[in-house]
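Commentary on secondary and tertiary structure
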Amino acid sequence: MQILTKLNRFLERIMPLLTPGSVVIGVLSAETLQAYAFLSAWVFAFMTFSGSLGASFRDFARVLARPLPLIVNLVILHALMPVLAWVTASLFFPNELDIVTGFILAAVIPTGVSSLLWTSIYMGNMALTLSIILIDTVLSPLVVPLGLSLILGAAVQMELGEMMKGLLLMIVLPSLAGIALNQLTKGRVKTTLAPCLAPFSKLSMGVIVAINSSVVAPYISQIDGRLIGMAALVLFLSVLSYLTGWVVARIFGWKRDVIVTLTFNSGMRNIGAGTVIAIAYFPPLVALPVVLATLFQQSLAAFFGLFLRMVEKEDKHVRSEEQLPDAIGK
């Protein structure tokens, strides 16, 4: 148990390097790893199950009593950012329908389970984070195909029924199984099984990214202007996602823990799910923007964690200066 705990802490520290490193491994070992592409969905189902062991229906019910932050986060994830991704990708890649589809897919997929890690590190609202992940996960078989269909229309041929079935088996059912197990054991599984599976879950993300990167290796191995432009646009949209969550939460005047939660859950995406969907239901080029997102997502999460702390210190400094005249007057 202690060995697994130490391994998990080590993996948490290197998360900003784990996924980009997995992309490099996937590209360098493309011929070997491509044969294991069929395993991606199964590995991802395990990762989803493991990540759901800490959730409970009670936390979910508590958040539903005040659902506005949850609703706002879902609007950012599945309305605002997909439309922005479509507009910007269409502007810079007007004749590249597969690339535009990839950018939309990267934006419309559910929030990332790893947002739990970053929310806990920076003391966000864990109940809200778990509820966002749960709701987004349950809705994903409807939201992802519907979002792609509404934005792209008949321009892209999609197997909507098969995609919904795949999302149900890969995300929804494992999540519900994890939550149900937590409920049946009255939370004991959260302190027994979950810590044992945590390091393997993080390693699973690396495996998924490496396998799916191997499929798009021919596009990544040749660095040209188009690839650099795609990477730059992915980085821009990723930064914009984090900033949007932070700005909107500040506009609503929510407490610090909610601001932290919306920042991470708006910026992070379930890259594992996105790459599996792209590889399974679209041409390989569609997966390229999703794979490129893995190069930035964890590193940006670490950056925005530092950004949140810096802003918090600045806010405290401003409040103390505002209170100083009153103190002097007294």
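Preceding this section is the structure that the text describes.
Scope of this entry: the structure provided in the associated data block. (Residues numbered from 1 in each chain as written. Predicted model: local features only at pLDDT ≥ 70, side-chain atom pairs only at ≥ 80, totals over all residues. Heavy atoms only, no water.)

Quick look at the packing of helix 4 (residues 40–52) against helix 12 (residues 193–215) now. Close contact between helix 4 and helix 12 brings their axes to 9 Å; oriented N to C, the two are set at 150 degrees. The angle between helix 4 and helix 12 falls in the class roughly antiparallel. In the packing of helix 4 onto helix 12, the handedness of the crossing is left-handed. Contact residues: Ser40, Val43, Phe44, Phe46, Met47, Phe49 and Ser50 in helix 4; Leu197, Ala198, Phe200, Ser201, Ser204, Met205, Ile208, Ile211 and Asn212 in helix 12. Among the residues making up the contact of helix 4 with helix 12, the classes are represented as 11 nonpolar, five polar and no charged. (Axes fitted to C-alpha atoms, helices over the stretch in contact; angles between N-to-C directions. Helix = DSSP H or I, 4+ residues; strand = E, 2+ residues; numbered from the N terminus. Parallel < 35°, antiparallel > 145°, perpendicular 65-115°, else oblique. Left-handed = near helix turned anticlockwise from the far one by under 90°. Contact = heavy atoms within 4.5 Å. Nonpolar A, V, L, I, M, F, W, Y, C, P; charged D, E, K, R; others polar.)

Between its first and last C-alpha atoms helix 4 spans 18 Å; for 13 residues at 1.5 Å apiece the expected length is 18 Å, and the two agree. Of the residues making up helix 4, those classed as buried are Ser40, Phe44, Ala45, Met47, Thr48, Ser50 and Ser52. (Expected span 1.5 Å × (residues − 1). Buried < 20%, exposed > 50% of the residue type's maximum accessible area, 1.4 Å probe, protein only.)

So, on to the side chain of Asn265. Take Asn265: it is sitting in helix 15 (residues 256–267). Taking the relative accessible area as the measure of exposure, Asn265 reaches 0% and is therefore buried. Among the polar contacts made by the side chain of Asn265, one reaches the side chain of Ser115 at a distance of 3.1 Å. A distance of 2.9 Å separates a polar side-chain atom of Asn265 from the backbone oxygen of Thr261. Ignoring any residue separated from it by four or fewer positions in sequence, one finds Asn265 in contact with Asn73, Leu77, Thr111, Ser115, Thr119, Thr129, Ile132 and Ile133. (Polar contact = N/O pair within 3.5 Å; in protein donor to acceptor, adjacent residues only side chain to side chain.)

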